[in-house]
Each structure stands twice: as structure tokens, then as C-alpha cells.
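In case you want the letters, here they are:
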Amino acid sequence: MGYNKAEGVGEMQNKVQVQNRLKRISGQISGIHKMVEDDRYCVDILTQVAAVRSALDAMGVELLTGHIQGCVAGHGTETEHECASRMTQEELIEEVRVSLGRFLK
């Protein structure tokens, strides 16, 4: 999922896929909310919480991979997002390091 200027400003190659994934995750969270309301067994709820965390992690990996491909490795090739184009490649690498630190907590 990298930024692609050919598709227009702010458009990402897999934007629809990410939005669909977020809708599924939102549905899973709504399901957990209903499970709590219905006083479901705690272990069943925890299983669904683990599934949501896994789905968010997978989406995060996709977003980070796209960022590295389009904005860091593609820096200076006009494939990067306009925010990344204002940064040096060293600044982008530091940004990835900080993001990874947050992601892995």
C-alpha cells in the first residue's frame, strides 16, 4: 500500500482494501461489545479480542510495508506521499524506527 501520485493526491493503491479491513475489524469490535452485553463467557470474549489484535497487527504490517516501499525506498522518485517528500531519507528512516517502536509495544 504505497502512495501513488498517478492515482491522485492522497490516494493509496490499496485504500479500498484497507477500508474494507477496517470495516471488518469494526464489526469484530461491535461483536465483542455485544458479547459483553450478553454476558458471554470471558474466554470466548478474550478469543475475539485476540482476533482483533491480530487483524490490526496484520493491517499495520501492510501499512508499514507500503510506507517503506513508497515513501522511504521510493524517496525522490515521486512515488512518495507529499509529507514524505519534504523529509530526507534519513528522517524517513528515523520515522520508521519510531513507528516500529510504537507498533511493537
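The model shown is predicted, which means the values in this text are computed figures rather than measured ones.

Novice: Hey, could you run me through the state of the cysteines in this one?
Specialist: Chemically, a disulfide is nothing more than a covalent bond linking the sulfur atoms of two cysteines. Throughout the structure, instances matching the rule amount to zero disulfides. Between cysteine 83, a free cysteine, and cysteine 71, which holds the nearest cysteine sulfur, the sulfur-to-sulfur gap is 8.7 Å.

Novice: Help me understand the pattern of salt bridges in this model?
Specialist: Note that side chains of opposite charge can pair when their charged atoms are close. Evaluation of the coordinates by the stated rule reveals three salt bridges. The partner of arginine 21 in a salt bridge is glutamate 62, and the shortest N-O contact between them spans 2.7 Å. Residue arginine 21 is found in helix α1 (residues 15-37), and its partner glutamate 62 is found in helix α2 (residues 42-72); the two are separated by 41 residues along the sequence. The class for glutamate 62 is partly exposed, based on a relative accessible area of 30%. Of the charged contacts in the structure, one is a salt bridge between glutamate 94 and arginine 97, with a shortest N-O distance of 2.6 Å. Linking glutamate 94 with arginine 97, this pair stays in helix α4 (residues 89-103), spanning three residues, or about one helical turn.

Novice: What is the right way to read the confidence of the model for the chain from this model?
Specialist: Residues shown with low pLDDT carry predicted positions that ought not to be read at fine detail. Per-chain confidence: the chain averages 84 in pLDDT, with 88% of residues scoring 70 or above. Predicted confidence in the chain is weakest over helix α3 (residues 82-85), with a mean pLDDT of 84, and strongest over α1, with 94. Contacts of residues 3-11 to residues separated by more than four positions or lying in other chains number 16 contacts, the stretch itself having pLDDT below 50.

Quick notes on the rules
Residues numbered from 1 in each chain as written. Predicted model: local features only at pLDDT ≥ 70, side-chain atom pairs only at ≥ 80, totals over all residues. Heavy atoms only, no water. Disulfide = S-S within 2.5 Å. Salt bridge = Lys/Arg side-chain N within 4 Å of Asp/Glu carboxyl O. Helix = DSSP H or I, 4+ residues; strand = E, 2+ residues; numbered from the N terminus. Buried < 20%, exposed > 50% of the residue type's maximum accessible area, 1.4 Å probe, protein only. pLDDT = per-residue confidence, 0-100. Contact = heavy atoms within 4.5 Å.

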